[in-house]
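Residue-level listing of the chains:
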Amino acid sequence: MRDVDLIRAARQLVETDSLLGADTMPLGTPLDLGSAPDRAAVPSEDMKFARNRSAPAAAAPRPRPTAAPARPTVAASPQPAALSQTSIHEPLPANDMSKSDKAKELKKLEAEVTKWIEANWPRDGWTNVVFGEGDPDADLMFVGEGPGADEDRLGRPFVGRAGQLLDKQIGAMGLEREQVYIANIAKTRPPGNRVPTPEEAVLWLPWLEKQIETIRPKVIVTLGATSAKYLLQNMKLAITRERGNWKTYRGVALMPTFHPAYLLRQYTKENRQRVWSDLQQVMDKLGMSK
Ligand code: URA
């Protein structure tokens, strides 16, 4: 085994620790996914969502990323089916972009969304736009809910306590954080760390869709109930029941799992094993050795 593989295997051993409740370790050659370059305690995902759902349901216009949509208003809560710009059954458009073209496209998109947010989004406590980061050509993409305080401060997704756990999970899979792509439904921190509302999500989702269309990952892992509900357009999705079951988002395999912040709050061996088994399914799907 080459030194670099030995070091990587040793790191995986350390990172696949009791945090994951793992009983097997990924020791093989990690998948080549391209070149390497807290939220604090919150109520349970489903409880948080239940609060949002009380908003009235009325059709909302579908914004396109290039057109600046109107500032969200609470009165314009959309129907679940209108939450996403595109049907989840519609396959992603063909995309034969090179990695550097994808990187350029994501940069352009980030500049666009930042400009739009700064002009349109209510200044309700957020500091930085958190667009997403990682390998523009990643096979694996993680989607969370929205930035917390640390992410808002640094303008980067998953860098707080939940992010540290996510990093460990990624490491346990035999990957570097820089080999995956990490994004959120919300691109700015929701006030008081609340869940993005449906009327906000209808404005955020087209940007996330553009990110997914550009990256074209082979697998999406949704972290927590919110990202699974909004991406799958299933507002009734119960994460405790649906995690670990493969779904499809526009032709892409999607694995819903618990949010790392939830895992930190409910840090039981069973929950750690559940998440680890979800991630092992992802590794299987991507042909990664375990
Ligand atoms: N929780 C999320 O859902 N996203 C982040 O970026 C950080 C915490």
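Heads up: the structure comes first, above all this text.
These numbers come from a predicted model, not from an experiment.

Caption draft 1: Local environment of the overall build of the protein. Helix and strand counts for the protein stand at 10 helices and 6 strands. The buried share of the protein, taken over its 290 residues, is 54%. Of the roughly 12200 Å² of accessible surface on the protein, 52% is carried by carbon and sulfur atoms.

Caption draft 2: Broad picture of the site of the ligand. Neighbouring the ligand are 9 residues; Glu145, Gly146, Phe158, Asn184 and His259 lie closest to it. Phe158 is positioned such that a nitrogen or oxygen atom in its backbone is 2.9 Å from an oxygen atom of the ligand. Asn184 places a side-chain nitrogen or oxygen 2.8 Å from a nitrogen atom of the ligand. Coverage of the ligand by the protein amounts to 100% of the 240 Å² it exposes when considered alone. Considering only residue class, the shell around the ligand consists of 2 nonpolar, 4 polar and 3 charged.

Caption draft 3: Seen up close, helix α10 (residues 269-285). Taking 1.5 Å as the rise per residue, α10 with 17 residues should run 24 Å; its terminal C-alpha atoms sit 24 Å apart, in good agreement. Burial in α10 covers these residues: Asn271, Arg272, Val275, Trp276, Asp278, Leu279, Gln280, Val282 and Met283. Positive backbone phi, approximately 70 degrees, marks Gly287, located one or two places after α10.

Caption draft 4: Inspection of the nonpolar core at higher detail. Membership of the largest hydrophobic core comes to 67 residues, with the highest contact counts inside it found for Leu140, Phe142, Met173, Leu208 and Leu231. Here this core gets 9 residues from one element, more than from any other, and that element is helix α6 (residues 198-215).

Caption draft 5: Inspection of the environment of Glu151 at higher detail. Assignment of secondary structure puts Glu151 in helix α4 (residues 149-154). Residue classification places Glu151 among the buried residues on the basis of a relative accessible area of 4%.

Caption draft 6: A look at α6. In a regular helix each residue adds 1.5 Å, so 18 residues correspond to 26 Å; α6 covers 25 Å between its end C-alpha atoms and thus fits that length. By the largest-angle criterion, Trp204 marks the main kink of α6, which is about 35 degrees, and a proline, Pro206, follows within four residues. When you tally the buried positions in α6, you get 17 out of 18 residues, the bulk of the element. At the C-terminal side of α6, Arg216 shows a positive phi close to 50 degrees.

Caption draft 7: Looking closely at empty space enclosed by the protein. By volume, the second largest cavity is sized at about 40 Å³. Taken together, Trp121, Asp124, Ala186, Thr188, Arg189, Pro190, Pro191, Pro196, Glu200 and Trp204 make up the lining of the second largest cavity. Class assignment for the residues of the lining of the second largest cavity results in 6 nonpolar, 1 polar and 3 charged.

Caption draft 8: Local environment of the pattern of salt bridges. Applying the stated criterion across every chain, the model contains 15 salt bridges. Across the salt bridge formed by Asp139 and Lys218, the nearest N and O atoms sit 3.3 Å from each other. Here the residue Asp139 occupies a position in the loop between β1 (133-134) and β2 (140-144), and Lys218 occupies one in the loop between α6 and β4 (219-223), the gap between them amounting to 79 residues. Given the relative accessible area of 13%, Asp139 is considered buried. The class for Lys218 is exposed, based on a relative accessible area of 51%. Between Arg250 and Glu213 there is a salt bridge whose closest N-O contact spans 2.8 Å.

What counts and how
- Residues numbered from 1 in each chain as written.
- Predicted model: local features only at pLDDT ≥ 70, side-chain atom pairs only at ≥ 80, totals over all residues.
- Heavy atoms only, no water.
- Helix = DSSP H or I, 4+ residues; strand = E, 2+ residues; numbered from the N terminus.
- Buried < 20%, exposed > 50% of the residue type's maximum accessible area, 1.4 Å probe, protein only.
- Areas by Shrake-Rupley, 256 points an atom, 1.4 Å probe, with all protein chains shown as cover.
- Near = heavy atom within 4 Å.
- Polar contact = N/O pair within 3.5 Å; in protein donor to acceptor, adjacent residues only side chain to side chain.
- Nonpolar A, V, L, I, M, F, W, Y, C, P; charged D, E, K, R; others polar.
- Expected span 1.5 Å × (residues − 1).
- Core = buried A, V, L, I, M, F, W, Y, C linked by side-chain atoms within 4.5 Å.
- Bend = angle between axes of the 7 residues up to and from the residue.
- 1 Å grid on protein atoms, 1.4 Å probe; cavity = no way out; pocket = protein on both sides within 12 Å on 5 of 7 lines; lining within 4 Å.
- Points joined across faces, edges and corners; volume = space filled by probe spheres on them.
- Salt bridge = Lys/Arg side-chain N within 4 Å of Asp/Glu carboxyl O.

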